[in-house]
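The lines below spell out each chain.
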Amino acid sequence: MRKLWEEFKAFALKGDLVTVAVALVLALALVALVGSLVEHIVMPIVGIIFGEPTFDQHLLRINGSEILYGSFITALVTFLMVALALFFFLVKPYQAYQARKARGQVEEAPEPDPEDVVLLREIRDALRASSR
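Here the structure is a predicted model, which is why all the values come from computation and not from measurement.

Calculation notes
Residues numbered from 1 in each chain as written. Predicted model: local features only at pLDDT ≥ 70, side-chain atom pairs only at ≥ 80, totals over all residues. Heavy atoms only, no water. Helix = DSSP H or I, 4+ residues; strand = E, 2+ residues; numbered from the N terminus. Rg over C-alpha atoms; globule rule 2.2 N^0.38 Å. Buried < 20%, exposed > 50% of the residue type's maximum accessible area, 1.4 Å probe, protein only. Contact = heavy atoms within 4.5 Å. Areas by Shrake-Rupley, 256 points an atom, 1.4 Å probe, with all protein chains shown as cover. Lys, Arg positive; Asp, Glu negative; His and termini not counted. Charge placed at Lys NZ, Arg CZ, Asp CG, Glu CD. Expected span 1.5 Å × (residues − 1). Bend = angle between axes of the 7 residues up to and from the residue. Patch = residues over 30% accessible without salt bridge, like charges linked within 9 Å, V, L, I, M, F, W, Y side chains within 5 Å. Salt bridge = Lys/Arg side-chain N within 4 Å of Asp/Glu carboxyl O. Core = buried A, V, L, I, M, F, W, Y, C linked by side-chain atoms within 4.5 Å.

**Q** So what about the overall build of the protein chain? Which residues, and what values?
**A** When helices and strands are counted, the protein chain shows 4 helices and 2 strands. Seen in sequence order, the protein chain has helices and strands lined up from the N terminus as α-α-β-β-α-α. Taken against the 2.2 N^0.38 rule, which gives 14 Å for 132 residues, the C-alpha radius of gyration of the protein chain at 28 Å runs more than 25% over that of a compact globule. Along the first, second and third principal axes, the C-alpha set of the protein chain runs to 100 × 50 × 25 Å. Taken over 132 residues, the protein chain has a buried fraction of 10%. Of the contacts made within the protein chain by residues no fewer than 6 positions apart, 29% connect residues no fewer than 24 positions apart. Counting every atom, the protein chain has about 11200 Å² of accessible surface; 68% of that belongs to carbon and sulfur. For the protein chain, the distance from the average position of its 13 positive side-chain charges to the average position of its 15 negative side-chain charges is 7 Å.

Next comes the structure, spelled out in structure tokens:
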């Protein structure tokens with residue numbers, strides 16, 4: 001059981017899983033933000049154009065059943081706005097970054113020297129200073 005727990009811990013704390021978890025939280029926050037944008041800004045503009053702020057009241061009654069196609073249209077508008085926001089605020093900047101990186105315009109941060117190399121340089125510099 002302990003080995004299984006250690007394997008799970010190693011998996012859960014991998015950098016990739018943490019990155020995906022952060023991306024999920026950010027995506028959920030973005031969905032809430034875009035949902036608010038659609039509900040409070042876009043749909044009132046739709047209301048100005050079409051006379052109703054949402055399509056939720058539109059339904060089709062057949063044999064006592066109600067088909068709420070207006071709610072679907074509202075959800076579709078929200079989905080399209082989320083997709084557009086993701087595309088323009090995440091995908092396009094990332095593609096531009098990748099293109100700059102491929103052209104060599106983005107400098108990667110150099111890896112720090114190992115501690116033993118730094119220590120040897122300090123010793124060398126100290127010896128040079130003492131021999132003067």
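Structure shown, so let's carry the discussion forward.
**Q** Tell me about helix 3 (residues 69–103), and please be specific about residues and values.
**A** Taking 1.5 Å of rise per residue, 35 residues should cover 51 Å, and helix 3 covers 48 Å from first to last C-alpha, within 8% of that figure. Approximately 35° is the largest bend angle found in helix 3, and it occurs at Phe-87. For helix 3, every residue scored as buried is listed here: Gly-70, Thr-74, Val-82 and Ala-85. Positive backbone phi, at 85°, marks Gly-104, one or two positions downstream of helix 3.

**Q** Kindly report on the side chain of Thr-74, identifying the contributing residues and their values.
**A** Looking at the secondary structure, you find Thr-74 in helix 3. Accessibility expressed as a relative area gives 13% for Thr-74, which makes it buried. Beyond its immediate chain neighbours, meaning those up to four positions away, Thr-74 contacts Met-43, Thr-54, Phe-55 and Asp-56.

**Q** Could you give an account of unusual backbone geometry, with specific residues and numbers?
**A** Most peptide bonds adopt trans geometry, and most residues besides glycine take a negative phi value. Of note in this structure, Asn-63 is not a glycine but carries a positive phi near 50°. Within the element layout of this structure, Asn-63 appears in the loop between strand 1 (60–62) and strand 2 (65–67).

**Q** Tell me what's going on with a nonpolar patch on the surface, and back it up with residues and numbers.
**A** Together, Leu-60, Ile-62, Ile-67, Tyr-69, Phe-72, Ile-73, Leu-76, Phe-79 and Leu-80 make up an exposed nonpolar region whose accessible area comes to about 840 Å². Among the elements of the structure, strand 1 and helix 3 are those that each provide at least two residues to the nonpolar patch. For the nonpolar patch, the element with the most residues is helix 3, which contributes 6 residues. Along the chain, Tyr-69 turns up in helix 3.

**Q** Break down the pattern of salt bridges for me, citing the residues and quoting the values.
**A** Applying the stated criterion to the full structure yields 4 salt bridges. We note a salt bridge from Asp-113 to Arg-121, for which the minimum N-O separation is 2.4 Å. Taking the relative accessible area as the measure of exposure, Asp-113 reaches 39% and is therefore partly exposed. Judged by its relative accessible area of 38%, Arg-121 falls in the partly exposed class.

**Q** I'd like a description of the nonpolar core, backed by residues and values.
**A** Core analysis: the largest hydrophobic core is formed by 9 residues, namely Leu-30, Val-34, Val-38, Val-42, Met-43, Val-46, Phe-55, Val-82 and Ala-85. It is helix 2 (residues 15–50) that provides the largest number of residues to this core, a total of 6 residues. Dropping the residues within four chain positions of it, Val-82 is found in contact with Val-31 and Val-34.

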